[in-house]
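The lines below spell out each chain.
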Amino acid sequence: MELTDAIHQRRSVRNYKGNILSRKNILQILEHAIWAPTASNMQAWKFIIIDEPELITQIKTFSQGLFGNPPAIIITCIDMIKARKKAGKAADLGLAYYDAALVSQNISLLALEFGLGTCLINSYHKGALKKLLKLPEEITPHLIISIGYPRTTPIKAPPRVPITEIVSWNIHEEGE
Amino acid sequence: MPKKITPFYDLLCYLIISARGCIDEPINYGPLRLVEAASRLIDIKEPSNDLYQDIKLRLEDIQNLILSDTNFEKELDDLILNLAQIVSNVEETKEKE
């Protein structure tokens, strides 16, 4: 798939078929996704992949932003001890967030290669999730990614603002 | 407490967690969560009732409007007026009886 096609075809999927996902495919997605950049090369991600239906139900109960019944979810976490070792205070001030977001976007795009849809979710209760997944203190969940074969075609993407309104060359100018 | 997550427990948690989440979340997430909760309530209490299932379809349409960043106030207002009409029809029927 061409990269620009993947970028335009990516939609937030909230309705999935029940087909079980191949663990091999999920791992392949992650193997490519982790080529995302990381601040000071910290590579502090930890991915928890859940494909047990009962555990998915439990996580969904405490994740108000998780819709549908995905056959799998990927939790993008950051090991904050590892992150701080490389990036210091900056890890807490934003770098961990950027790293989690960048790799998660890669996951969303790569999933399309396998005919899979995804949805990135930031609305969940962090404390409840840590308890359910038995995450140690230093492993911070950042994004939940639901993943599966889309049951329905997601609604049309909202239009984007004209590029002339948001781009300035060299110095900031009000858009046209 | 339930050993297995029942639909009731799921809705209970959904409402409470949404209350906490909405403090920090975008403004439209409040209506989104409430519409979703209403939809789940229909599935719990009236999964086979055509009237309520029609309401649920309208709730899903409203959710899609919210998620696509489209104005949804009119659709919500229309639904509310229909709900009021249902009650009004019930009252009229009772008066006739």
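Computed from a prediction, not measured in an experiment: that's the story for all the values here.

Reading the values: rules and limits
Residues numbered from 1 in each chain as written. Chains lettered and ligands numbered in written order. Predicted model: local features only at pLDDT ≥ 70, side-chain atom pairs only at ≥ 80, totals over all residues. Heavy atoms only, no water. Helix = DSSP H or I, 4+ residues; strand = E, 2+ residues; numbered from the N terminus. Buried < 20%, exposed > 50% of the residue type's maximum accessible area, 1.4 Å probe, protein only. Contact = heavy atoms within 4.5 Å. Areas by Shrake-Rupley, 256 points an atom, 1.4 Å probe, with all protein chains shown as cover. Buried area = accessible area lost by both parts, 1.4 Å probe. Salt bridge = Lys/Arg side-chain N within 4 Å of Asp/Glu carboxyl O. Polar contact = N/O pair within 3.5 Å; in protein donor to acceptor, adjacent residues only side chain to side chain. Pairing = 2+ DSSP bridges. Axes fitted to C-alpha atoms, helices over the stretch in contact; angles between N-to-C directions. Phe/Tyr/Trp six-rings, centres within 6.5 Å; stacked < 30°, edge-to-face > 60°. Lys NZ or Arg CZ within 6 Å of the ring centre and 35° of its normal.

## Quick look at the overall build of chain B
Link 1 in the chain: Counting its secondary structure elements, chain B contains four helices and zero strands.
Link 2 in the chain: For chain B, the α and β elements follow one another from N to C terminus as α-α-α-α.
Link 3 in the chain: A burial count over chain B gives 28% of its 97 residues as buried.
Link 4 in the chain: Across chain B, the fraction of contacts at a sequence separation of at least 24, relative to all contacts at a separation of at least 6, is 40%.
Link 5 in the chain: Put simply, chain B shows about 6800 Å² of open surface, and 58% of that area lies on carbon and sulfur atoms.

## A few points about helix H3 (residues 53-61) of chain A
Link 1 in the chain: Within the sequence span of H3 of chain A, burial applies to Leu55, Ile56, Ile59, Lys60 and Thr61 of chain A.
Link 2 in the chain: On its buried face, H3 of chain A sits against strand S1 (45-50), strand S2 (72-79), helix H6 (126-133) and strand S4 (139-148) of chain A together with helix H1 (7-21) and helix H2 (29-45) of chain B.

## A closer look at the interface of chain A and chain B
Link 1 in the chain: If you look at the interface, chain A gives 14 residues, while chain B gives 18 residues.
Link 2 in the chain: Regarding the contact of chain A and chain B, the summed buried area is about 1400 Å², with carbon and sulfur atoms giving 66% of it.
Link 3 in the chain: Among the residues of chain A in contact with chain B, Thr61, Gln64 and Phe67 of chain A are the three that bury the most area, contributing 43% of the side total.
Link 4 in the chain: Remark: the boundary between chain A and chain B carries zero salt bridges.
Link 5 in the chain: Our count for the chain A to chain B interface comes out at five residue pairs in polar contact (both at pLDDT 80 or more).

## Let's talk about the pattern of salt bridges
All names here are of chain B.
Link 1 in the chain: By the definition in use, this model includes nine salt bridges over all chains.
Link 2 in the chain: For Asp78, the salt bridge is made with Lys74, and the minimal N-O distance between the two is 2.7 Å. A residue pair is termed a helical-turn pair when its members lie 3 or 4 positions apart in one helix, as Asp78 and Lys74 do in helix H4 (residues 73-96) at four residues.
Link 3 in the chain: The class for Asp78 is partly exposed, based on a relative accessible area of 28%.
Link 4 in the chain: A relative accessible area of 55% places Lys74 in the exposed class.
Link 5 in the chain: Overlapping salt bridges, with partners in common, bring together Asp10, Glu36 and Arg40 in one network.

## With respect to the sheet that holds S2 of chain A
All names here are of chain A.
Link 1 in the chain: An order of S1-S2-S4-S3 is seen for the four strands of this open sheet, with the pairing classed as antiparallel. In the strand order of this sheet, the two ends are held by S1 and strand S3 (117-121), each with one partner. Ignoring strand direction, the axes of neighbouring strands in this sheet form an average angle of 25°.
Link 2 in the chain: Of the strands in this sheet, S1, S2, S3 and S4 touch helix H5 (residues 90-111), which is tilted by about 15° from S4.
Link 3 in the chain: Strands S1, S2 and S4 of the sheet are contacted by H6, whose axis makes an angle of about 80° with S4.

## Description of the packing of aromatic side chains
Link 1 in the chain: In the structure shown here, the tally under the stated rule is one aromatic pair over all chains.
Link 2 in the chain: Centre to centre, the rings of Trp45 of chain A and Phe47 of chain A are 6.4 Å apart; their planes meet at 25°, and the pair counts as stacked.
Link 3 in the chain: Taking relative accessible area as the criterion, Trp45 of chain A reaches 11% and is therefore assigned buried.
Link 4 in the chain: Its guanidinium or amino end placed over the ring of Tyr14 of chain B, Arg40 of chain B lies 4.0 Å from that ring's centre, counting from NZ or CZ.

## Re the environment of Pro70 of chain A
Link 1 in the chain: Following the sequence through the fold, Pro70 of chain A ends up in the loop between H3 and S2.
Link 2 in the chain: When the C-alpha positions of Pro70 of chain A and Tyr16 of chain A are compared, they lie 5.6 Å apart, and in sequence the two are 54 residues distant.

## Observations regarding unusual backbone geometry
All names here are of chain A.
Link 1 in the chain: Even without being glycine, Ser40 reaches a positive phi, approximately 45°.
Link 2 in the chain: For Ser40, the location among the structural elements is in the loop between helix H2 (23-33) and S1.
Link 3 in the chain: The backbone phi angle of Lys134 is positive, close to 55°, even though this residue is not glycine.
Link 4 in the chain: Relative to the elements of secondary structure, Lys134 occurs in the loop between H6 and S4.

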